Amino acid sequence: MTSAPARHSRIAGTGSYLPPRRLSNADLVRQLAAQGIETSDEWIVERTGIRARHFVDAGVNASDLAVQAARHALEAAGCRAEDVDLIIVATSTPDMVFPSTAAIVQRKLGVHGCPVFDVQAVCSGFVYALTVADAMIRTGSASAALVIGAEVFSRILDFKDRGTCVLFGDGAGAVVLRAGDRPGIVATDLHADGRHVDILCVPGTVSGGQVLGDPLLRMDGQAVFKLAVGVLEDSARTVLGKAGRDTAQVDWLIPHQANIRIMQATARKLKLPAERLVVTVDAHGNTSAASIPLALDVAVRDGRIRPGHTVLLQGVGGGFTWGSVLVDF
Ligand code: UT7
């Protein structure tokens, strides 16, 4: 008796979208100064590597950014929206309490019928969503998945808190993940440690028709920084171990784009040369679940990532959550 050939998932196309309103550090410094908040381009660049970010205008939601990114990914994959049989949106800034942003994206794409849901793992959301989509494809529950990271963090920033409001931006990135007879996604590794819920959170909620508690982003930056550097190295080694590969076989490292110092520290620990690090945090800021697919799309479209390359995607963020996905292109 011959067994059925193994089923795998492959990234067939990538896409991204940034809202047009771009704020350089100088723009933000001016805006904050008008409210009596002091910061500087020098501080932001030196501590984070961020030089600019994009913010949505009023009335633009995560689903609007997600749909644009999804359309670009579908076009790159040569896939019609009608052919997609799974939509997952990773977001912490959904359009509504419910239904899922994925359901709204499905409607805006003009399709219906396939399963759709959101994944809430903050800045690790995209690696979580990709891992779930990969598992669903390998087990035969889906054949062509849209996996999207989309965020409007500008909506949850406290512009009186200079320790956080200079860090984040809005945007979306997407991939089409298709079933294939070879990987594709080679290995995945996900983790969380709920003991650290409080170090990065938006602690408020809605109740009885009112906002209850604090609806803005709160972060203990130093605690997040220390945890992030340690877990990213561990997760990289774990996912490479699962795949039977070593760091020398990684062509591109795409970590969550939060802080250039965290990214460079991870690359150094893995002995990966800085040239193999894809960096978009300078131009996008921290776009949470959108940061990895945005950076991936930039590096695919500018020709750095080519067929045959191996890419290590790494997320880390609120929860505390973290994880890695190793992908052959
Ligand atoms: O997306 C999820 C993952 N998130 C992250 O990975 C974020 C991780 N954390 C970080 O990236 C860094 O901790 C930050 C960039 C948030 C902060 O950098 P830091 O080197 O840890 O600075 P700090 O919080 O220790 O603050 C140093 C100083 C403080 O002043 P004093 O107390 O030394 O006088 C802050 O008040 O910098 C001050 N400061 C600022 N100064 C000018 C904080 N924010 C600003 C600002 N402009 N925007």
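Everything here concerns the structure above.
First, a word on scope: everything that follows refers to the structure included in this document.

### Things to note about the site of the ligand
Then comes step 1: In the vicinity of the ligand there are 22 residues, among which Thr-39, Arg-47, Gln-222, Asn-259 and Asn-286 approach most closely.
Then comes step 2: In the environment of the ligand, a nitrogen atom lies 2.9 Å from a nitrogen or oxygen atom belonging to the backbone of Arg-162.
Then comes step 3: Contacts to the ligand include Gly-221, whose backbone N or O atom sits 3.0 Å from a nitrogen atom.
Then comes step 4: When the ligand is considered free in solution it has 950 Å² of accessible area, and contact with the protein chains removes 73% of it.
Then comes step 5: Among the detected pockets, the ligand sits in the second largest pocket.
Then comes step 6: Elements with a minimum of two residues in the shell around the ligand: helix H2 (41–48), helix H6 (162–165), helix H7 (221–243) and helix H8 (260–269).
Then comes step 7: By residue number, the principal contributor to the shell around the ligand is H7, which donates four residues.
Then comes step 8: When its residues are assigned to classes, the shell around the ligand shows eleven nonpolar, eight polar and three charged.

### Notes on the side chain of Asn-25
Then comes step 1: Positionally, Asn-25 belongs in helix H1 (residues 25–33).
Then comes step 2: Of the residues examined, Asn-25 reaches a relative accessible area of 0% and is grouped as buried.
Then comes step 3: Polar side-chain contacts of Asn-25 include one of 2.9 Å to the side chain of Arg-53.
Then comes step 4: Beyond its immediate chain neighbours, meaning those up to four positions away, Asn-25 contacts Asp-41, Ile-44, Val-45, Ile-50, Arg-51, Ala-52 and Arg-53.

### Some details on the nonpolar core
Then comes step 1: The biggest cluster of nonpolar side chains holds 44 residues, and the ones touching the most others in it are Val-166, Leu-312, Val-316 and Phe-320.
Then comes step 2: Mapped by element, the contributors of at least two residues to this core are H1, H7, H8, strand S14 (310–317) and strand S15 (321–328).
Then comes step 3: Of all the elements, H7 adds the most residues to this core, at eight residues.
Then comes step 4: Here Phe-320 is in contact with His-191, Ala-192, Asp-193, His-196, Val-197, Ile-199, Val-224, Leu-227, Ala-228 and Val-231, once residues within four sequence places are set aside.
Then comes step 5: One finds Ala-129, Leu-130, Leu-177 and Val-278 within the second-largest nonpolar core, a separate group that totals 33 residues.

### Overview of the sheet that holds strand S13 (residues 252–255)
Then comes step 1: Strand order in the open sheet made by the four strands is S8-S15-S14-S13, with mixed pairing throughout. Edge strands, defined here as strands with exactly one partner in the open sheet, are strand S8 (185–192) and S13. Averaged over all pairs of adjacent strands, the angle between strand axes in this sheet comes to 10°, irrespective of strand direction.
Then comes step 2: Alignment of S8 against S15, held across seven bridges, turns out to be antiparallel. Counted as the bridge partner of Asp-189 is Ser-324 from S15.
Then comes step 3: Taken strand by strand, helix H5 (residues 125–138) contacts S8, S14 and S15, and its axis lies near 125° from that of S8.

Rules behind the numbers
Residues numbered from 1 in each chain as written. Predicted model: local features only at pLDDT ≥ 70, side-chain atom pairs only at ≥ 80, totals over all residues. Heavy atoms only, no water. Near = heavy atom within 4 Å. Polar contact = N/O pair within 3.5 Å; in protein donor to acceptor, adjacent residues only side chain to side chain. Areas by Shrake-Rupley, 256 points an atom, 1.4 Å probe, with all protein chains shown as cover. 1 Å grid on protein atoms, 1.4 Å probe; cavity = no way out; pocket = protein on both sides within 12 Å on 5 of 7 lines; lining within 4 Å. Sits in = over half its atoms within 2 Å of the grid points. Helix = DSSP H or I, 4+ residues; strand = E, 2+ residues; numbered from the N terminus. Nonpolar A, V, L, I, M, F, W, Y, C, P; charged D, E, K, R; others polar. Buried < 20%, exposed > 50% of the residue type's maximum accessible area, 1.4 Å probe, protein only. Contact = heavy atoms within 4.5 Å. Core = buried A, V, L, I, M, F, W, Y, C linked by side-chain atoms within 4.5 Å. Pairing = 2+ DSSP bridges. Axes fitted to C-alpha atoms, helices over the stretch in contact; angles between N-to-C directions.

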